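Descriptive analysis of the structure
Spelled out, the chains give:
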Amino acid sequence: MKMYLHFTKGDTLLFKSIVPTKPGAIFGACLVIFIIAIGGRWISSVARGVNQRGILSIMVKGMRLRMSLLPPPDLYARQPSSHAPSNYATQILSNELARSTLLGLETTIHYLLMLIVMTFNVSYIISSILGSVVGELIFGRFNRGTPAAK
């Protein structure tokens, strides 16, 4: 394994049996890396949406109960840490399982891309970066949470 940036062929890619040596195989590997990076950005977007929808559904369902338990909204500005409502979505097991699963998938994709980049093959690095950029362009605007970003 070369410990410097290079374009040479024959790098092991994740597994001992995956060693692209022909130009077509290297292009195919770059294409798969590109798609994996796009998938990582998609999973990030889905995870944001699951978190936001979980919080919103809990807030809507429990609004009447919480309204009787919470102090008036003007107190939030004065004492946000002691009187502001906590994240109610984290108290529901199904929301936690969905968020945890998506976080696990996202972390797995990040580690796969890190291992690919650690081959120091510039074509793989460029594919990973371009996939992340294109994925952010496609999915980055979804589930941002603020009206200005939507």
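Residues numbered from 1 in each chain as written. Predicted model: local features only at pLDDT ≥ 70, side-chain atom pairs only at ≥ 80, totals over all residues. Heavy atoms only, no water.

Together, Leu-14, Phe-15, Ile-18, Tyr-111, Met-114, Leu-115 and Met-118 line one region of the surface with nonpolar side chains, adding up to about 680 Å² of accessible area. Within the fold, Leu-14 resides in the segment before helix H1 (23-61). With relative accessibility at 38%, the residue Leu-14 sits in the partly exposed group. (Patch = residues over 30% accessible without salt bridge, like charges linked within 9 Å, V, L, I, M, F, W, Y side chains within 5 Å. Areas by Shrake-Rupley, 256 points an atom, 1.4 Å probe, with all protein chains shown as cover. Salt bridge = Lys/Arg side-chain N within 4 Å of Asp/Glu carboxyl O. Helix = DSSP H or I, 4+ residues; strand = E, 2+ residues; numbered from the N terminus. Buried < 20%, exposed > 50% of the residue type's maximum accessible area, 1.4 Å probe, protein only.)

A word on the nonpolar core. Among the nonpolar cores identified, the biggest contains 13 residues, and Leu-13, Ile-33, Leu-113, Ile-116 and Tyr-124 are the most heavily contacted of them. If you list the elements that add at least two residues to this core, you get H1 and helix H5 (93-117). Looking at this core, the element that brings in the most residues is H1, giving 7 residues. Those residues in contact with Leu-113, other than ones at most four positions away along the chain, are Ile-33, Ile-36, Ala-37 and Ser-128. (Core = buried A, V, L, I, M, F, W, Y, C linked by side-chain atoms within 4.5 Å. Contact = heavy atoms within 4.5 Å.)

So, on to H5. An α-helix turns once per 3.6 residues; consequently, residues spaced three or four apart project the same way. End to end, H5 covers 36 Å across 25 residues, agreeing with the expected 36 Å (1.5 Å per residue, within 8%). If you check which residues of H5 are buried, you get Asn-95, Leu-102, Glu-106, Ile-109, Leu-113 and Ile-116. (Expected span 1.5 Å × (residues − 1).)

As a further point, take the pattern of salt bridges. Within this structure, the stated rule accounts for 2 salt bridges. Here Arg-41 ties to Glu-136 by a salt bridge, and the two come within 2.6 Å at their closest N and O atoms. Separated by 95 residues along the polypeptide, Arg-41 in helix H1 and Glu-136 in helix H6 (residues 122-139) bring together distant segments of the chain. Glu-96 is the partner of Arg-99 in a salt bridge, and the nearest nitrogen-oxygen pair spans 3.3 Å. In this pair, Arg-99 and Glu-96 are both assigned in helix H5, 3 residues apart and thus about one turn of the helix distant. Owing to a relative accessible area of 31%, Arg-99 belongs among the partly exposed residues under this scheme.

Let's shift gears to the confidence of the model for the protein. Detailed reading of predicted coordinates is not advised where the pLDDT is low. Here the protein averages 81 in pLDDT, and 71% of its residues register 70 or above. Within the protein, the lowest mean pLDDT, 48, falls on helix H2 (residues 63-69), and the highest, 97, falls on H6. For residues 64-70, every residue scores under 50 in pLDDT, and the model assigns this stretch 7 contacts once sequence neighbours within four places are set aside. Across residues 146-150, confidence stays below pLDDT 50; counting only partners more than four residues off in sequence or on other chains, it has 4 contacts. (pLDDT = per-residue confidence, 0-100.)

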